[in-house]
Amino acid sequence: MDHTIVLIPGDGIGPEVSRAVRRVFEAAGAPVRWVEYQAGVAALEAGAKDVLPAETLGAILEHGVALKGPCSTPVGEGFSSVNVQLRKRLNLFAAVRPVRSLAGVKTRFENVDLVIVRENTEGLYSGAENQVTDDVVISMKVATGTGCRRIAQWAFNYAARHGRRKVTVFHKANIMKLTDGLFLRLAREVHEETHPEIEYQEAIIDAGCMKLVQDPTQFDLLLLENLYGDVVSDLCAGLVGGLGVVPGANLGVERAVFEAVHGSAPDLAGKGVANPLALLTSAEMMLEHLADTRGDERCRTLAQRIRHAYTRALAEGRRTRDLGGDLGTEAFAEAIIERLN
Ligand code: NAI
């Protein structure tokens, strides 16, 4: 039986990179049936009244798993982010982003292998912003004991399941004593109560960032609240070749939405040059998730075949422009397809 997966192409480079992923999946004979729904500016352009149409949300609720391209969000005005809405409405509280050095992608460091776990529903992303006076605006940072404990438990369980030996919390509890203080206190408690065998560290986020760019190999799993996780994800992408190569998953108890860390890249949109690898590796994570949650080992085998194919392509110098190569989106997808076995 095929898995029905909601595909949201999104905006900007989204449709181009999702087309490339579909091609690779079809060539590999993936047991997946895509149902396509719109979100973002693409939804408005297709006549929807909202950037997150009810039928798109309904499709994810029904089928449980989605692969999503990036959606644009206007800066400083306009509609609120589709991504934030999706994560909140589906309660996708954990964002997980593995950051790994890739063969054939030359960067300052060779052995980066870390995982970012980001709390996905609270913090300054709560959208609780107010105009107090003509001169004063405020934004509220929200932390709940339930949310902080839940993400800490998720991170330690993930670490234990995936053989990660050290968890480091990045925080600013020296300044935000209540919100980051709560995040930190519950991470410590969960560590002691559930996985004392895993090494536990804390770093004030500014110093942590410096350590990350000096030597990322000293970290294993990073646990962060929402905004820090967002910023540090892009920083870490820069350590392994950029936003074109880092995948992600937004996970809740019953639903999962897989998407690259990158945005809609308006500077590249329509040019056929975006790197589809970040979305393809997000789709690879989706296959592992299907294997883990539905027991379908065909998906695991397929994830391995796809991983081998793009690893070979990169090692043989077949790369998109962001990685110093000369291939366009489609040509890189073709190079991967040629190496599927
Ligand atoms: P961005 O991630 O779209 O682009 C940042 C830089 O990375 C650009 O130079 C871009 O060309 C490059 N880049 C990104 N993806 C690439 C790829 N696949 N291949 C090669 N190069 C790539 O971030 P930016 O410009 O800050 O945001 C653009 C829009 O995307 C905004 O409207 C923002 O709100 C939205 N966004 C959406 C996200 C999502 O849907 N999950 C995540 C981040 C941003």
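Only a predicted model underlies this, so the values are computations on that prediction, with no experimental measurement involved. (Residues numbered from 1 in each chain as written. Predicted model: local features only at pLDDT ≥ 70, side-chain atom pairs only at ≥ 80, totals over all residues. Heavy atoms only, no water.)

Comments concerning the overall build of the protein chain
Where we set the bar: Comment: elements are numbered from the N terminus, with helices defined as DSSP H or I runs of at least four residues and strands as E runs of at least two. It is over C-alpha atoms that the radius of gyration is taken, and the globule rule equals 2.2 Å times the number of residues to the power 0.38. Partly exposed residues are those whose accessible area sits between 20% and 50% of the maximum for their type, while under 20% is buried and over 50% is exposed, using a 1.4 Å probe and protein chains only. Contacts are residue-level and defined by heavy atoms, with any inter-residue pair within 4.5 Å sufficient.
The secondary structure content of the protein chain amounts to 11 helices and 12 strands. Computed over its C-alpha atoms, the radius of gyration of the protein chain comes to 20 Å, within 12% of the 20 Å expected for a compact globule of 341 residues. Overall, the protein chain is about 55 × 45 × 40 Å in size when its C-alpha atoms are taken along their principal axes. When the 341 residues of the protein chain are sorted by exposure, 55% land in the buried category. Considering only contacts within the protein chain whose residues lie at least 6 apart along the sequence, 74% involve residues at least 24 apart.

Examining a nonpolar patch on the surface
The cut-off we apply is this: Grouping into patches uses exposed residues only, defined as over 30% relative accessible area, and leaves out salt-bridged ones; the cut-off is 9 Å for like charges and 5 Å for nonpolar side chains (Val, Leu, Ile, Met, Phe, Trp, Tyr). Each accessible area value is a Shrake-Rupley result obtained with a 1.4 Å probe; residue values ignore everything except the protein chains displayed when judging cover. The rule for a salt bridge is simple: a side-chain nitrogen of Lys or Arg has to be within 4 Å of a carboxyl oxygen of Asp or Glu.
A cluster of nonpolar residues, Val132, Val136, Ile138, Met140 and Val142, forms a patch on the protein surface that exposes about 380 Å² of accessible area. Of note, Met140 is situated in the loop between strand S7 (137–139) and helix H5 (145–161).

Focus on the site of the ligand
Threshold: Proximity is defined per residue: if any heavy atom of the residue lies within 4 Å of a molecule or strand, that residue is considered near it. N or O atoms within 3.5 Å of each other form a polar contact, as long as, within protein, one can give a hydrogen and the other can take it, and as long as residues adjacent in sequence are counted only when both atoms are side-chain atoms. Note on residue classes: Ala, Val, Leu, Ile, Met, Phe, Trp, Tyr, Cys and Pro are nonpolar, Asp, Glu, Lys and Arg are charged, and everything else, Gly too, is polar.
Near the ligand there are 21 residues, and of these Cys71, Thr73, Gly263, Ala265 and Asp267 occur at the shortest range. Here an oxygen atom of the ligand and a backbone polar atom of Ser264 are 3.0 Å apart. Burial of the ligand by the protein amounts to 69% of the accessible area it has alone, namely 810 Å². Grouping the amino acids of the shell around the ligand by side-chain chemistry returns 9 nonpolar, 8 polar and 4 charged.

Some thoughts on the state of the cysteines
Counted only if it meets this: Note on disulfides: each one is a pair of cysteine sulfur atoms within 2.5 Å.
Applying the stated criterion across every chain yields a total of 0 disulfides. We note that Cys209 lacks a disulfide partner, and the nearest cysteine sulfur, in Cys236, lies 8.1 Å from it.

Comments concerning the domain arrangement of the protein chain
What counts is decided by this rule: Domain limits in this description derive from either an automatic procedure or a database domain assignment. Accessible-area loss on putting two parts together, using a 1.4 Å probe and summing over both, is the definition of buried area adopted here.
Splitting the protein chain by domain gives domain 1 (1–92 + 245–341) and domain 2 (108–239). The distance between the C-alpha centroids of domain 1 and domain 2 comes to 25 Å. Counting each side, the surface lost to burial between domain 1 and domain 2 is near 790 Å², with a carbon and sulfur contribution of 52%. Among the residues domain 1 hides against domain 2, the three largest losses belong to Arg87, Lys88 and Val261. Together they make up 47% of the total. At the boundary of domain 1 and domain 2, one finds 0 salt bridges. On the surface where domain 1 and domain 2 come into contact, there are 5 residue pairs in polar contact (both at pLDDT 80 or more). Only helix H4 (82–89) and strand S11 (249–251) provide two or more residues apiece to the side of domain 1 that touches domain 2.

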